[in-house]
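Read off the chains here:
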Amino acid sequence: MSRLLLIGPPGAGKGTQAARLAAAYGIPAISTGDIFRSNVKNETPLGTLAKAYMDAGDNVPDSLTNDLLRHRLAEPDAQSGFLLDGYPRTTDQVRELDEFLQSHGTALDAVVELEADPEIVIGRLRKRATEEGRSDDNEGVVRHRLEVYREQTEPLIDIYDGRGSLVRIDALGEIDDVTARIIEALLVRGIALPDAATR
Ligand code: AMP
């Protein structure tokens, strides 16, 4: 049972690692980006509101994002652990998550930072744009998303570091190696993979 958070610039491989870690630890991967994308695809009211921000590479306003997250974390599958990918992204969202966890008598076990060089990240995103056709992966928007990350999300790393919860991981290299690095670093912090029998 783990409560984990994955943080890092766009293109660092958060989504890929989140899926693998969720499977390994037996917890749901909760990606606010995925939830927004599915709302856009299904043309829900939330999707309609979020789309313009996403297409521009801006953060969706906290008022929309915090509600969405609170509801998702209240779902049954998140009661015994979760891996957050792409949330929190702003200091306001950190406050919101803190309040949510405190009011439920829980806390995060670790915050994993995926460290990646911005130029390499841009190259990866360019590739993803061709492969997945994400409308927010074109070069100009990608650069803007990196700026937004630097301005609004990077400060969160110091916050979590100050609390002693940060685990820094080199996000470059083979996908399997990065996953292994994360699992190893979490183990050092006393966060072990669940026993296969209890999964
Ligand atoms: P991602 O899949 O995490 O790269 O997110 C894609 C887009 O969804 C972002 O560029 C934002 O527009 C929006 N988004 C995802 N998560 C958040 C969040 N926690 N706060 C605000 N906007 C978000």
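Look up: the structure comes first, before these words.
Residues numbered from 1 in each chain as written. Predicted model: local features only at pLDDT ≥ 70, side-chain atom pairs only at ≥ 80, totals over all residues. Heavy atoms only, no water.

*Asks:* Hey, could you go over the sheet that holds strand β3 (residues 82-85) for me, with residue numbers and the actual values?
*Replies:* Read across the sheet, five strands follow the order β2-β3-β1-β4-β5 without closing on themselves; strand pairing throughout is parallel. This sheet does not close on itself; its edge strands, each paired only once, are β2 (29-31) and β5 (166-170). Put simply, the sheet's adjacent strands are angled 25° from each other on average, direction ignored. Together, β1 (3-7), β4 (110-115) and β5 form the strand contacts of helix α7 (residues 139-162), whose direction differs from that of β5 by roughly 125°. (Pairing = 2+ DSSP bridges. Helix = DSSP H or I, 4+ residues; strand = E, 2+ residues; numbered from the N terminus. Axes fitted to C-alpha atoms, helices over the stretch in contact; angles between N-to-C directions. Contact = heavy atoms within 4.5 Å.)

*Asks:* Let's hear about the packing of helix α6 (residues 118-132) against α7: which residues, and what values?
*Replies:* If you want to describe how two helices pack, look at the angle between their axes and the distance between the axes. Orientation of α6 relative to α7, taken along the N-to-C sense of each, is 135°, at an axis distance of 10 Å. It follows from the interaxial angle that α6 and α7 lie oblique. Viewed along their axes, α6 and α7 form a crossing whose handedness is right-handed. Contacts between α6 and α7 pair P118, E119, V121, I122, L125, R126 and R128 from the former with E139, V142, R143, R145, L146 and R150 from the latter. When the residues that make up the contact of α6 with α7 are grouped by side-chain class, the tally is six nonpolar, no polar and seven charged. (Parallel < 35°, antiparallel > 145°, perpendicular 65-115°, else oblique. Left-handed = near helix turned anticlockwise from the far one by under 90°. Nonpolar A, V, L, I, M, F, W, Y, C, P; charged D, E, K, R; others polar.)

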